[in-house]
Amino acid sequence: MMPNYAPAAVIPVRGSGSRMWDQEDREYIDFGGGIAVNALGHAHPDLVAALTKQAGRLWHTSNVLATEPALELARRLVELTFADKVFFSNSGAEANEAALKLARRYAFDHHHKGKERILAFDNAFHGRTLFTVTAGGQASYREGFGPLPGAIEHLPFNDIGALSEAFDKDVCAVIVEPVQGEGGVTAADKAFLETIRRLCDEHDALLILDEVQTGVGRVGTLYAYQSYGVTPDILTTAKGLGGGFPVAATLSTGTVAESLKVGTHGSTWGGNPMGCAVASTVLDIVSTDAVLAGVSERRQQIEGALRALGDKYGIFGEIRGLGLLMGCVLNEPWESKARDLMRAAQDEGVFVLVAGASVLRIAPSLIIPERDIAEGLERLERAIVRFCAADKN
Ligand SMILES: *Cc1c(COP(=O)(O)O)cnc(C)c1O
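Quick caveat: nothing in here was measured; it's all calculated off a predicted structure.

**Concerning the nonpolar core**
It is characteristic of soluble globular proteins that their nonpolar side chains tend to be buried jointly.
Here's step 1: Among the nonpolar cores identified, the biggest contains 82 residues, and Ile 196, Leu 306, Phe 316 and Leu 380 are the most heavily contacted of them.
Here's step 2: Here this core gathers at least three residues from each of two domains, domain 1 (12-30 + 289-392) and domain 2 (45-286).
Here's step 3: Not counting residues up to four positions away in its chain, the partners in contact with Leu 306 are Phe 316, Ile 319, Met 326, Cys 328, Ile 362, Leu 377 and Leu 380.
Here's step 4: Grouped together as the second largest cluster of nonpolar side chains are 18 residues, Leu 102, Ala 107, Ala 120 and Ile 208 included.

So this is what it looks like as structure tokens:
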């Protein structure tokens, strides 16, 4: 494969629940959840059943023909959210690409020429297509890929003053993550999201919430906007939606959706019957009170333990994020060594993630059993002991 990734030497071959096994049959506890994707762990029997049932019936039709699983998933998403309409694609970047294109097109259809500014935020992550990487707030991800799409501006996250100052009638959309995931697991302040909503309304701009990482129960409500009480015009969902099968969606109100007229946008595999069948099953399970309440309980259990580890070894400062999207900020002597700690954890049999150089990210299955949490935390503690000792040498 091309050298754009630096994969671990370990090669997992199977998984079950929150455990994975590598080629040597070594067992790992999965605190990374495939980067907030495996919302129900590995090989969940209901998802395997939904997938294999659909795999035996119909794989693909083209967008000339709608399929039952796509119609069914669209109906569920509309029932469970603010949205009236859904566009299907296969990844978070594609869902955001559609959202950004839709916002520009909506302004083109309804507003004055020149209403095309898109406001985005420092440290944001929206994907790796040219439009979405330009909306993202990490300059290094854009470097060398120009010329880039224009009229996209970045503002400091959670800074209401800067936002108010930048807003004018030429803004067509604001794109924001309720919790910045890749950028360091930083939650938006409620007042910040509320202000974005108010300014969008005042200036006829659309609010796009990128819930690719925060969606599908990750923060303890089905979508994070429901925790914040701030309703977007467009919402994107991907990672957890298929529980590990690639499927993504761009949701919007009916009025906004009208701008995606016949022929304006498309995707060959978007709405793939297998992805949609799996995603409907994921939503059925995740949208239950038991699973959503379980996210908050698990958060408390894990956060309590991480704080205790932080106090015992002096390694963590802030423990942040929402629900089961957690960031542990590494303290001074270990700052910018999150990757080393991630590797030490892997050596001890627990997979964790990083979010930037100085934040250890934990995003396990929403239904990870208590026993696996406890064992994963024990392994993480052993990794911390080794990591701290190694650092002294
Ligand atoms: C992962 C992620 C994306 C990109 O999703 P891909 O499926 O990798 O294209 C976009 N936005 C957010 C918030 C993400 O976490």
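What follows picks up the thread again.
**Some words on the site of the ligand**
Here's step 1: Every residue near the ligand is listed here: Ser 91, Gly 92, Ala 93, Asn 96, Phe 125, His 126, Gly 127, Glu 177, Asp 210, Val 212, Gln 213 and Lys 239.
Here's step 2: Residue Asp 210 places a side-chain N or O atom 2.8 Å away from a nitrogen atom belonging to the ligand.
Here's step 3: For the ligand, an oxygen atom lies 2.7 Å from a polar atom in the side chain of Gln 213.
Here's step 4: Within the complex, the protein chains bury 82% of what would otherwise be the 380 Å² of accessible surface of the ligand.
Here's step 5: With 3 residues, the single largest contributor to the shell around the ligand is helix H4 (residues 92-110).
Here's step 6: For the shell around the ligand, the residue count by class is 3 nonpolar, 6 polar and 3 charged.

**Observations regarding the packing of helix H2 (residues 45-55) against helix H10 (residues 273-286)**
Here's step 1: With their axes 9 Å apart at the nearest point, H2 and H10 run at an angle of 155° to one another. As judged from the angle between their axes, H2 and H10 are roughly antiparallel. Judged by the sense of rotation from one axis to the other, the crossing of H2 with H10 is right-handed. Between H2 and H10, the contacting residues are Asp 46, Leu 47, Ala 50, Leu 51, Gln 54 and Ala 55 on the first element and Pro 273, Met 274, Ala 277, Val 278, Thr 281, Val 282 and Ile 285 on the second.

**Observations concerning the packing of aromatic side chains**
Here's step 1: As enumerated under the stated definition, the model contains 6 aromatic pairs in all.
Here's step 2: Judged by centre distance (6.2 Å) and plane angle (70°), the ring pair of Phe 121 and Phe 157 falls under edge-to-face. Taken together, the positions of Phe 121 in strand S5 (residues 117-121) and Phe 157 in the loop between strand S6 (152-155) and helix H6 (160-166) put the pair 36 residues apart, joining distant regions of the chain.
Here's step 3: By relative accessible area, which is 1% here, Phe 121 ends up buried.
Here's step 4: Through a chain of ring-to-ring contacts, three or more aromatic side chains come together here, namely Phe 121, Phe 157 and Phe 192.
Here's step 5: One cation-aromatic arrangement involves Arg 14 over Trp 21; the distance from NZ or CZ to the ring centre is 4.5 Å.
Here's step 6: The ring of Tyr 141 has Arg 128 sitting right over it, with the charged end atom 3.9 Å from the ring centre.

**Here we look at the pattern of salt bridges**
Here's step 1: Tallying each qualifying case throughout the model produces 28 salt bridges.
Here's step 2: For Arg 117, the salt bridge identified is with Glu 153, shortest N-O distance 2.6 Å. Of this pair, Arg 117 sits in strand S5 while Glu 153 is found in strand S6, placing the two residues 36 residues apart along the sequence.
Here's step 3: Arg 117 gets classed as buried once you look at its relative accessible area, which sits at 14%.
Here's step 4: Among the salt bridges present, the one from Arg 343 reaches Asp 340, with a minimum N-O distance of 3.5 Å.

**Quick word on the side chain of Thr 253**
Here's step 1: Structurally, the position occupied by Thr 253 is in the loop between strand S12 (248-252) and helix H9 (254-257).
Here's step 2: If sequence neighbours within four positions are ignored, Thr 253 has contacts with Phe 82, Asp 84 and Asp 233.

**Focus: the sheet that holds strand S2 (residues 19-22)**
Here's step 1: Read from one edge to the other, the open sheet built from 4 strands follows the order S1-S2-S3-S15, with strand pairing classed as mixed. Each end of this open sheet is capped by a strand with a single partner; those strands are strand S1 (12-16) and strand S15 (350-351).
Here's step 2: Pairing between S1 and S2: 4 bridges, direction antiparallel. The residue bridging Pro 12 from the neighbouring strand is Asp 22, located in S2.

**Focus on the domain arrangement of the protein**
Accessible area lost on assembly of the parts is the figure often given for the size of an interface.
Here's step 1: In terms of domains, the protein is made up of domain 1 (12-30 + 289-392) and domain 2 (45-286).
Here's step 2: Once you take the C-alpha centre of each, domain 1 and domain 2 turn out to be 28 Å apart.
Here's step 3: In this assembly, 18 residues from domain 1 lie in contact with 19 residues from domain 2.
Here's step 4: Sorting the residues of domain 1 by area buried against domain 2 places Leu 292, Leu 322 and Leu 325 first, and these three jointly supply 39% of that buried surface.
Here's step 5: Note that Arg 361 is salt-bridged to Glu 182, the shortest N-O span being 2.8 Å.
Here's step 6: Counting the contacts that link domain 1 with domain 2 gives 7 residue pairs in polar contact (both at pLDDT 80 or more).
Here's step 7: Every element with two or more residues in the side of domain 1 that touches domain 2 is listed here: helix H11 (289-313), strand S13 (316-322), strand S14 (325-330) and strand S17 (359-362).
Here's step 8: Tallied by class, the residues present in the side of domain 1 that touches domain 2 amount to 12 nonpolar, 4 polar and 2 charged.

Reading guide: rules and limits
Residues numbered from 1 in each chain as written. Predicted model: local features only at pLDDT ≥ 70, side-chain atom pairs only at ≥ 80, totals over all residues. Heavy atoms only, no water. Core = buried A, V, L, I, M, F, W, Y, C linked by side-chain atoms within 4.5 Å. Buried < 20%, exposed > 50% of the residue type's maximum accessible area, 1.4 Å probe, protein only. Domains from an automatic or database assignment. Contact = heavy atoms within 4.5 Å. Near = heavy atom within 4 Å. Polar contact = N/O pair within 3.5 Å; in protein donor to acceptor, adjacent residues only side chain to side chain. Areas by Shrake-Rupley, 256 points an atom, 1.4 Å probe, with all protein chains shown as cover. Helix = DSSP H or I, 4+ residues; strand = E, 2+ residues; numbered from the N terminus. Nonpolar A, V, L, I, M, F, W, Y, C, P; charged D, E, K, R; others polar. Axes fitted to C-alpha atoms, helices over the stretch in contact; angles between N-to-C directions. Parallel < 35°, antiparallel > 145°, perpendicular 65-115°, else oblique. Left-handed = near helix turned anticlockwise from the far one by under 90°. Phe/Tyr/Trp six-rings, centres within 6.5 Å; stacked < 30°, edge-to-face > 60°. Lys NZ or Arg CZ within 6 Å of the ring centre and 35° of its normal. Salt bridge = Lys/Arg side-chain N within 4 Å of Asp/Glu carboxyl O. Pairing = 2+ DSSP bridges. Buried area = accessible area lost by both parts, 1.4 Å probe.

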